[in-house]
Every structure is written in structure tokens, then in C-alpha cells.
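Secondary and tertiary structure notes
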Amino acid sequence: MRIGFGYDVHRLVSGRKLILGGVEIPFEKGLDGHSDADVLVHAIMDALLGASGMGDIGRHFPDTDPAYRGISSIRLLGEVREKLAVRGYRVQNLDSTIVAQAPRLAVHIDNMQAIIAEALGVEKSLVNIKATTTEGLGFTGTGEGISAYSVCLLERA
């Protein structure tokens, strides 16, 4: 068994869609980034890649590569799943936290879990997602950005 940890953060900006966990969230701002800037999925990918000893998402999907401009992070998560399978790993458990002052995310979490579980080819019960605020403190509290943390447990298939 192997444990991985991932973290990501992106700035909130006007003129972009807000995508979290593969779900488009109605909000006046979106996350800035080379891909769709889905911080939750990016943190998950980093946790999975780290647990398997394969580095991080920048190593596999560099933001300098035009092929990844605007790409769906869920699509990239599917590619991470394939990389894990080649190495003989499967996801046993995934636990993630989104940190955002706004918007409220509770109503979207079930859908996020289903989309991520499907991308990873696992039961939805193995994917846990939570959302919290920072009570107005820091860059997430002031609405400048959103961050996400993720831990995972992998086992040999």
C-alpha cells in the first residue's frame, strides 16, 4: 500500500468558468490556469502520482505544452488512471478538501464524487470530498483563490 498527498491552488478571475471536480459551478468568477484549472482534480492527480512514485502533474502535463491548453482535468485524471494501471496500482481510498469562501459547494459534492469515481474506475464510495471556508482569512477567505488538498491510498492490483 502507498499513501499520497496533493495540494493545488488557483487564482479566481473574471471571464472563466468555475470547474471543480469536473462540475461547472455557477459563479461570477472562474479559476485561472493553463487547463480548466480544476484545483480539486489537480490535487487528486498529484496525490495519486506521488503515491505511485511518478512525480507530479507538471511532469506529466506541463503548462508549457499547448496540447493541454483548456483541457479538461477529468480527462487528464483518466490518463493518470491509465498510468497507475500500467504500474499495477488501483485506488483504495481518496479523501479531498476544497477550501473556498464562496461559492457554497455542498450541493455539488455528490456529482463531483460520481464524476471523479467514474474517471478513476472505482466505486463512488471510495471517493470522499469535503468543502470548507477559512472564515474570511487568507487568500481563500478574501475570495482571491481556491485551494484543494487530497490524500489517497493505493494498492497493487
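Residues numbered from 1 in each chain as written. Predicted model: local features only at pLDDT ≥ 70, side-chain atom pairs only at ≥ 80, totals over all residues. Heavy atoms only, no water.

**With respect to the packing of aromatic side chains**
Under the convention used in this document: Pairing of aromatic rings covers Phe, Tyr and the six-membered ring of Trp, with a centre-to-centre limit of 6.5 Å; geometry is then stacked below 30 degrees between planes, edge-to-face above 60, and tilted otherwise. Per the convention used, a helix needs a DSSP run of H or I reaching at least four residues, while a strand needs a run of E reaching at least two, with both numbered from the N terminus. Think of it in three bands: residues with accessible area under 20% of the maximum for their type are buried, residues over 50% are exposed, and the middle band is partly exposed, with areas taken using a 1.4 Å probe on protein chains only.
Inspection of the entire model under this criterion finds three aromatic pairs. Ring centres 6.3 Å apart and planes at 40° place the aromatic pair F5 and Y149 in the tilted group. One end of the pair, F5, is in strand β1 (residues 2–13); the other, Y149, is in strand β7 (residues 145–156), and 144 residues separate them in sequence. Relative accessible area serves as the criterion here: at 52%, F5 is assigned to the exposed category. Overall, Y149 belongs to the partly exposed group, its relative accessible area being 37%. Pairing F61 with Y68 gives two aromatic rings, centres 5.4 Å apart and planes at 80°, and the pair type is edge-to-face. The buried category is assigned to F61, whose relative accessible area is 9%. Judged by its relative accessible area of 16%, Y68 falls in the buried class.

**Looking at the environment of N93**
Where we set the bar: Note on contacts: a residue pair qualifies if any of its non-hydrogen atoms lie within 4.5 Å across the two residues.
Within the fold, N93 resides in strand β5 (residues 89–99). Separated by 61 residues in the primary sequence, N93 and L154 have C-alpha atoms spaced 7.2 Å apart. Sequence-distant contacts of N93, that is, excluding residues within four places in its chain, are made with L126, V151, C152 and L153.

**Quick look at the side chain of S73**
Let me state the cut-off plainly: The definition of a polar contact used here is a pair of N or O atoms within 3.5 Å, where within protein one atom must be able to donate a hydrogen and the other to accept one, and adjacent residues in sequence count solely through side-chain atom pairs.
Within the secondary structure layout, S73 lies in helix α3 (residues 73–86). Within the local environment of S73, its side chain forms a polar contact with the side chain of H42, the two groups lying 2.8 Å apart. Excluding anything up to four places from it in sequence, S73 contacts S35, D36, A37, D38, V41, H42 and M45.

**Points about a nonpolar patch on the surface**
The test is simple: Patch definition: residues with relative accessible area over 30% and no salt bridge; like charges joined within 9 Å; nonpolar side chains (Val, Leu, Ile, Met, Phe, Trp, Tyr) joined within 5 Å. Where accessible areas are quoted, they stem from the Shrake-Rupley method and a 1.4 Å probe; at the residue level, only the protein chains shown are allowed to cover. In the sections that follow, a salt bridge refers to a side-chain nitrogen of Lys or Arg positioned within 4 Å of a carboxyl oxygen of Asp or Glu.
Together, F5, Y7, V9, F139, Y149 and V151 make up an exposed nonpolar region whose accessible area comes to about 520 Å². Where the nonpolar patch is concerned, the elements lending two or more residues are β1 and β7. Here the nonpolar patch takes three residues from β1, the largest share from any one element. Tracing the chain through its elements places V9 in strand β1. Judged by its relative accessible area of 33%, V9 falls in the partly exposed class.

**Section: the pairing of β5**
The side chains of a regular strand alternate between both faces of the sheet. Selection rule: By the convention used here, strands pair only if DSSP detects at least 2 bridges between them.
Looking at chain direction, β5 and β7 are connected through ten bridges and run antiparallel. Following the sheet pairing, R90 is matched in β7 by E155. The pairing of β5 with strand β6 (residues 127–132) spans six bridges and is classified as parallel. When the sheet's bridge partners are listed, L94 is paired in β6 with V127.

**As for a positive patch on the surface**
This is how the line gets drawn: Charged-residue counts in this description rest on Lys and Arg as positive and Asp and Glu as negative, His and the chain ends being excluded. Here the site of a charge means atom NZ of a Lys, CZ of an Arg, CG of an Asp or CD of a Glu.
Together, R2, R59, R87 and R156 make up a region of like positive charge exposed at the surface. Position of R2 relative to the elements: it lies in strand β1. We classify R2 as partly exposed; its relative accessible area is 36%.

**Comments concerning the environment of G141**
By the element assignment, G141 lies in helix α5 (residues 138–141). Considered as a pair, G141 and Q101 are 40 residues apart in the sequence and their alpha carbons are 5.1 Å apart. For G141, the contacting residues outside a window of four places in its chain are Q101, T134 and G136.

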